[in-house]
Structure formats: structure tokens, C-alpha cells
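Residue-level structure breakdown
Below are the chains, spelled out letter by letter.
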Amino acid sequence: MLFTSFASGSTGNCAIYRSGNACVLIDAGTNTKFIRSCLELVGLSLGDLTHVLVTHSHGDHVSALPVLGKHTHAELVCSEDTYYSLKNPWERSAVFTPGEHFELAGCPIRTFSTPHDAPGSCGYILGEGERQVAYCTD
């Protein structure tokens, strides 16, 4: 398992989680060039991404999505409210209601609501057992 935060703060949020067949970018609030360079530092590329999970629709979490969607075949995954708040949703996307559990490329994902001023804001628990990570922002 690999988990690395690439950016965290008001200027941008972005992290990577990799386990088994899943290579999940969590938030994309920087820019695609920065994301690409960070992925390279951990031996990955945009082509390795299987999914992009979004916590909520604020710019410091989604600003790279319009360009990133053109450079990866990853599926965008976010709450239904977040999806409808995005200005440039992807064709390859899946939505959920916070509190739901599902799998991405064999990786268990648990979702939970977070109190925030963005509709559908949520956090994630990725993996299981000793190989799990919780991701919650703002």
C-alpha cells in the first residue's frame, strides 16, 4: 500500500492511494502538471490512475479536474451533490450518497459526511484491516 499527500491547504489539496489494482487520486486541487510531477516522484504516471475521488466541490479540491480528465482514463467518483456542483463533470464518473460503501478496482471504500459549506462534502476510509487510510479535509 502507498499513501502520500501531495498538497494540503488553501492553495490546493491532492493525495494518492495505491493498493492492489487501485490507484486512486484523492482530490485534484492543484494543477495537472504538479500532479504529474508528484506521481513521477512515487513511480507512477497519470495513466496509472484508476479513479479520482473528490471530497467536495471547492476549487482547492477540484481545480485540476477539467484538464486532468483529458489526460487520464480514470473514473471520477464523488457524492451526487458534489458531482452536480462541478462545472466540468467527466463522462467517466460514478456518484454515491455519503455513508455508502463500495469498491474501486477491488479496494474497499467507506464514505462519511463531513460538516462543511459545500453540498455533499465527505471523507473516505480506503482499504481494510491494517492497510487502511482515512482521508478527511477542511
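Before any of the text, the structure's been laid out above.
Residues numbered from 1 in each chain as written. Predicted model: local features only at pLDDT ≥ 70, side-chain atom pairs only at ≥ 80, totals over all residues. Heavy atoms only, no water.

Turning next to the sheet that holds strand β2 (residues 14–19). Pairing within the open sheet is mixed, and its six strands lie in the order β1-β2-β3-β4-β5-β6. Whereas interior strands pair on both sides, the edge strands pair on one side only; in this sheet they are β1 (2–7) and β6 (93–96). Direction aside, neighbouring strands of the sheet carry axes that sit 20 degrees apart on average. The pairing of β1 with β2 spans five bridges and is classified as antiparallel. Note that in β2 the partner of Phe 3 across the bridge is Tyr 17. (Pairing = 2+ DSSP bridges. Helix = DSSP H or I, 4+ residues; strand = E, 2+ residues; numbered from the N terminus. Axes fitted to C-alpha atoms, helices over the stretch in contact; angles between N-to-C directions.)

With that settled, the discussion passes to the side chain of Thr 111. On the secondary structure map, Thr 111 appears in strand β8 (residues 107–113). Using a relative accessible area of 5% as the deciding quantity, one classes Thr 111 as buried. From its side chain, Thr 111 meets the backbone nitrogen of Gly 99 in a polar contact 2.8 Å long. Within the structure, the side chain of Thr 111 is placed 2.8 Å from the backbone oxygen of Glu 100, a separation counted as a polar contact. Once you skip the residues sitting within four places of it in the chain, Thr 111 turns out to touch Phe 96, Thr 97, Pro 98, Gly 99, Glu 100, His 101, Phe 102, Gly 123 and Tyr 124. (Buried < 20%, exposed > 50% of the residue type's maximum accessible area, 1.4 Å probe, protein only. Polar contact = N/O pair within 3.5 Å; in protein donor to acceptor, adjacent residues only side chain to side chain. Contact = heavy atoms within 4.5 Å.)

Okay, unusual backbone geometry next. Of note in the backbone geometry, Asp 27 takes a positive phi value of approximately 65 degrees without being a glycine. Locating Asp 27 in the fold gives a position in the loop between β3 (22–26) and α1 (32–41). Overall, the relative accessible area of 0% leaves Asp 27 in the buried class. For Asp 138, which is not a glycine, the phi torsion comes out positive at approximately 50 degrees. Residue placement: Asp 138 occurs in the segment after β10 (131–135). Accessibility expressed as a relative area gives 54% for Asp 138, which makes it exposed.

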